[in-house]
Amino acid sequence: MLSDPLSKYITGGVAALVVAAIILGFVVVPIVQGSTAEIDPWTAICRSLGIQAGSPARRTPVAKTGARPVSDVIWDKATLERLNHPNREVGAQLAQEICAACHGQNGVSPDSKYPHLSGQSALAIYKQLHDFRSGVRQNELMSPVAQALTDEQMIALSNHYASLTQGTLDRRLIVEANPQVDRLIRTGDTARGIPGCQSCHGVGAGGPMETPTISGQRRQYISTQLHNFATGARRNDVFDRMRGVAARLTDDEIELLARFYAEQ
Amino acid sequence: MRSVERLTLAHLWAGFAAFAVACVLGVWQMWVRSPLTAPLSTPDHYYQSVTAHGVAMAYLLTTFFVMGFGYYVAETSLSRPLPGKGWAWTAYVLSLAGALTAAIPILLNKATVLYTFYPPLTGSALFYLGLVLVVVGSWIWCALMLIAMGQWRRDHPGEAVPLAMFGTTANAVMWLWTTVGVAAEVLFLILPAALGLTQTIDVGLSRTLFSWTLHAIVYFWLIPAYIAFYTMAPAEAGGRLYSDTMGRLTFVLFLIYSLPVGMHHLFMDPEHATGFKFLQMTLTVLVAVPTLLTVFTISASMEVAGRLRGGTGLFGWIRALPWERPMVLATGLAFFMLWFGGGGGLVNMSFGMNAMVHNTSWVTAHFHLIFGGTVVIMYFAIAYSIWPKLTGWQSPNVSLQRLQLWLWAIGMMVMTLPWHYLGLQGQWRRVATFDYTNPLIAPWGKWVVFSLIGGLILLLSAALFIYNLAIMHRQPARKATTSQSYALALHPPHHVPASLNGFRLWNAVVLVLMLLAYGYPIAQFFINPAPGAVVHRVD
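Residues numbered from 1 in each chain as written. Chains lettered and ligands numbered in written order. Predicted model: local features only at pLDDT ≥ 70, side-chain atom pairs only at ≥ 80, totals over all residues.

**Some points on the overall build of chain A**
Next up, step 1: Regarding its fold elements, chain A presents twelve helices and zero strands.
Next up, step 2: Rg of the C-alpha trace for chain A: 27 Å, well past the compact-globule value of 18 Å for 264 residues, more than 25% over.
Next up, step 3: Counting only C-alpha atoms, chain A reaches 85 × 45 × 45 Å along its principal axes.
Next up, step 4: The long-range share in chain A, meaning contacts at least 24 apart out of those at least 6 apart in sequence, stands at 63%. (Helix = DSSP H or I, 4+ residues; strand = E, 2+ residues; numbered from the N terminus. Rg over C-alpha atoms; globule rule 2.2 N^0.38 Å. Contact = placed C-beta atoms within 7 Å.)

Set out below in structure tokens:
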């Protein structure tokens, strides 16, 4: 194929440059960078190749304190697969025996203090049950109930309520509200660092997968949770998402939002 | 009207229709980002609009334009009927159906993942299936270009393939290589997730496969502009191409250097080691070679034309050029924008400097100036040049074409220079709203408004462009000649080496470079799989 001088020059030139780049990128630069970070040449070369983790230019930092996650729920493949294979009979039975007293028949709560569960996503219910069980979320009624449940039972219950459609929760789009609430829901308040509620709680929004549906939720429950997030009494939200938002809302705004979502 | 003309017009109008819609969306997006109050402004709508704008501009305008222009070049430069016209129409219908299929979920806000996909975000499967159809249509185009060139070479043994066709086929070969990355990402990673077959996705592998495509796709868009530089602009300026060999070299070098360089989009990503980033950065630098070759060759060709027209002295030939001709004017404006866009690109591709401008408006400014500026203004010039040959009617008002080109260049500069500055100030790209009450951010406001003015000028120019084309379909326009002539070289290529008359050698070189640059970086995901990221559905 290399029959003419031009093609020889081009391929030769490219080959020479590639060799130079390989020597520089995988040998010279890592060794020089490594020497300033007290990394031995061999480790630096291995790191530049990607066969050892870390940068050839920096020592890998070692954490002196252990991480303290705000929730023990890990959305990995195994958890999701277990959530997709519930025992529906157990779910229905447990709901009747344990949950119905507060959350009502079919997950429609008779008391504004307690949330509706019907139609809520299985991911949302599982996350909260798990958090009650592990203690990162606490409530005098729910904590002992959740601590008595096994993982399989939590999965069964989560799916049971997610499968109900006659409840009050649905995923309707927000259509209108008073201008102040409308702004908070759609765009938030950039000046205060508040994202719009709809950014996570809207249909098909890009929020975390465990984000609950809040349209049609009980007013008092929403209000209480926002206040709890604001004061730090509730702290099982990953990355402080809800604590950050709620702490920046005024009491009036919390009440307006709670009323708005309850009426949806 | 001959069938290839109908085919070309159908493709180009499809592309320009997508372009017109995307221009409106683009201006609205800038309005949203500015301190002024835009209608319908919510973050949701902003990202939906960014998705539509990106898909329309980057996938639809370009693919339809490249295909349509390719068919035209194949028939006119080889002076023989295009083979497989039935297949070409099939490809068109597939691509159009794909475009509409992808548009529906975007309009329904079920595919707001931006045109770069961003897994583990996953939109409606229809969105990805639609784009796959567009790509399948373009693969048929590639096959037809290869067949057209192959048949011509068989019937003209030892003769040099006309440069315009050589460039078009180089683009087809490059596109086949280019689409392997994104096709693998969509077919094996994203679509199974979108269809609910898998619950996790390897984000690192996805981004790596997309990077394979991400740089070369820009050259796929760019090569028609380069074909116009080499084969149309010198002819329309009344001169000759300074060097046919330089043209061939440029197309070959684009093929080689476009692919093993995509990791420069991943400099800040943690999944790759520094050595491979360094290697790909070095190969990226080489892209400057075909660019500078072109600047030199086309400037020399224009000098030939200027001197033939009586220009004298060191710069007198520039004044003597026929700037009233849209192709010549567009070439000048394109080169002007290329300096700024290319200069910005040198910062992006430098491993260290990239960290300062990563994900800022600087990046948006760079690709709008290179693609929206240099490339698209040449799309306009090509359209103005070939439209009379396609419809048989000349424009009754060429001054409107010149005005449109000037507006486009001015609008693009007014829009993108502030973006470069804002990028250096740290303004994020792809962010819907800014807190202009923040003293650190407040000074950005006036520059965003300034760039919005540039956007409005571009919108005006886009509307004028559509008008300029539409009036060439009307009967009162003057009858035009329908034969296309390409620039002759000063030294016509009676005999060129086999390596500059085909792509066998260069495919081998690309294969070796890709193995070196992407072999281990992709293999590592299979040797030591990372924990999958949970699929995050937005539909």
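**Remarks on the overall build of chain B**
Next up, step 1: The helix and strand tally for chain B stands at 16 helices and four strands.
Next up, step 2: Radius of gyration (C-alpha) of chain B: 23 Å, near the 24 Å computed for a compact globule of 539 residues.
Next up, step 3: Principal-axis analysis of the C-alpha atoms gives chain B an extent of 60 × 50 × 45 Å.
Next up, step 4: Counting every position in chain B, which comprises 539 residues, the buried fraction comes to 57%.
Next up, step 5: A fraction of 85% describes how many contacts in chain B between residues 6 or more apart in sequence connect residues 24 or more apart. (Buried ≥ 20, exposed ≤ 12 C-beta atoms within 10 Å, placed from the backbone.)

**Looking at helix H2 (residues 43-78) of chain B**
Residues and elements named next belong to chain B.
Next up, step 1: The terminal C-alpha atoms of H2 lie 50 Å apart, and with 36 residues this matches the ideal 52 Å at 1.5 Å per residue to within 8%.
Next up, step 2: Of all the bends in H2, the greatest, near 30°, is centred on Ala56.
Next up, step 3: Among the 36 residues of H2, 34 are classified as buried, and the element is accordingly described as predominantly covered. (Expected span 1.5 Å × (residues − 1). Bend = angle between axes of the 7 residues up to and from the residue.)

**A closer look at the interface of chain B and chain A**
Next up, step 1: Contact with chain B, which involves 39 residues of that partner, is made by 37 residues of chain A.
Next up, step 2: Contributing elements (two or more residues each) for the side of chain B that touches chain A: H2, helix H8 (274-285) and helix H16 (504-527) of chain B.
Next up, step 3: Counted by class, the side of chain B that touches chain A contains 20 nonpolar, 14 polar and five charged residues. (Nonpolar A, V, L, I, M, F, W, Y, C, P; charged D, E, K, R; others polar.)

**Some details on the environment of B:Ala365**
Residues and elements named next belong to chain B.
Next up, step 1: Note on placement: Ala365 falls in helix H13 (residues 361-391).
Next up, step 2: By the C-beta count within 10 Å, which is 28 here, Ala365 ends up buried.
Next up, step 3: Between the C-alpha atom of Ala365 and that of Leu422, which follows or precedes it by 57 residues, the distance is 9.6 Å.
Next up, step 4: Excluding residues that lie within four positions of it along the chain, Ala365 makes contacts with Gly344, Thr416, Trp419, His420 and Gly423.

**Quick look at the nonpolar core**
Next up, step 1: Judged by nonpolar contacts, the single largest core of 193 residues is most densely connected at B:Ala170, B:Leu255, B:Ala330, B:Ile377, B:Met378 and B:Phe380.
Next up, step 2: At 21 residues, the largest contribution of residues to this core is made by helix H6 (residues 203-236) of chain B.
Next up, step 3: Once residues within four sequence positions are removed from consideration, B:Ile377 is found in contact with B:Ala330, B:Leu333, B:Ala334, B:Leu405, B:Trp408 and B:Ala409.
Next up, step 4: Among the nonpolar cores identified, the runner-up in size contains 19 residues, and A:Ile194, A:Ile222, A:Met242 and A:Phe260 belong to it. (Core = buried A, V, L, I, M, F, W, Y, C linked by C-beta atoms within 7 Å.)

**What about the packing of H13(B) against helix H14 (residues 398-425) of chain B?**
All names here are of chain B.
Next up, step 1: Look at H13 against H14: their axes get within 7 Å of each other, and the N-to-C directions meet at 170°. Between H13 and H14, the angle falls in the class roughly antiparallel.
Next up, step 2: Class assignment of the residues belonging to the contact of H13 with H14 gives a composition of 15 nonpolar, ten polar and no charged. (Axes fitted to C-alpha atoms, helices over the stretch in contact; angles between N-to-C directions. Parallel < 35°, antiparallel > 145°, perpendicular 65-115°, else oblique.)

**Things to note about the packing of helix H11 (residues 326-348) of chain B against H14(B)**
All names here are of chain B.
Next up, step 1: Relative orientation of the contacting elements H11 and H14 amounts to 5°, with a least axis distance of 10 Å. The pairing of H11 with H14 is recorded here as roughly parallel in orientation. Along the contact surface, H11 presents Pro326, Leu329, Ala330, Leu333, Met337 and Gly344, while H14 presents Val398, Gln401, Arg402, Leu405, Ala409, Met412 and His420.
Next up, step 2: A class-by-class count of the residues in the contact of H11 with H14 yields nine nonpolar, three polar and one charged.

**Regarding helix H2 (residues 41-49) of chain A**
Next up, step 1: Where H2(A) is concerned, the buried positions are A:Ala44, A:Ile45, A:Cys46, A:Arg47 and A:Ser48.
Next up, step 2: At its buried positions, H2(A) is contacted by helix H1 (5-36) of chain A together with H8 of chain B.
Next up, step 3: Downstream of H2(A) by a residue or two, A:Gly50 has a phi angle that is positive, lying close to 85°.

**What to know about unusual backbone geometry**
Next up, step 1: Residue B:Pro120 follows B:Pro119 across a cis peptide bond; omega there is 15°.
Next up, step 2: With respect to the element layout, B:Pro120 can be found in the loop between helix H3 (85-107) and strand E1 (121-122).
Next up, step 3: We note that A:Phe239 has phi near 60°; this positive angle belongs to a residue other than glycine.
Next up, step 4: Here A:Phe239 shows up in the loop between helix H10 (219-231) and helix H11 (241-248).
Next up, step 5: With 9 C-beta atoms counted inside 10 Å, the residue A:Phe239 sits in the exposed group.
Next up, step 6: The phi dihedral of A:Asp240 falls on the positive side, at around 60°, and the residue is not glycine.
Next up, step 7: Topologically, A:Asp240 is positioned in the loop between H10 and H11.
Next up, step 8: In this structure A:Asp240 comes out as partly exposed when scored by C-beta crowding, with 14 C-beta atoms within 10 Å.

**Some details on the confidence of the model for chain B**
Detail in the predicted coordinates should be disregarded across regions flagged by low pLDDT.
Next up, step 1: Summarising the model, chain B shows a mean pLDDT of 94, and 98% of its residues fall at 70 or more.
Next up, step 2: Under the prediction, the complex receives an ipTM of 0.87, its pTM being 0.92. (pLDDT = per-residue confidence, 0-100.)

**Some remarks on the confidence of the model for chain A**
Next up, step 1: Per-residue confidence for chain A gives a mean pLDDT of 89, with 93% of residues at or over 70.
Next up, step 2: Long-range and interchain partners of residues 166-172 of chain A, a stretch whose pLDDT sits below 50, account for 28 contacts in this model, where long-range means more than four residues apart.

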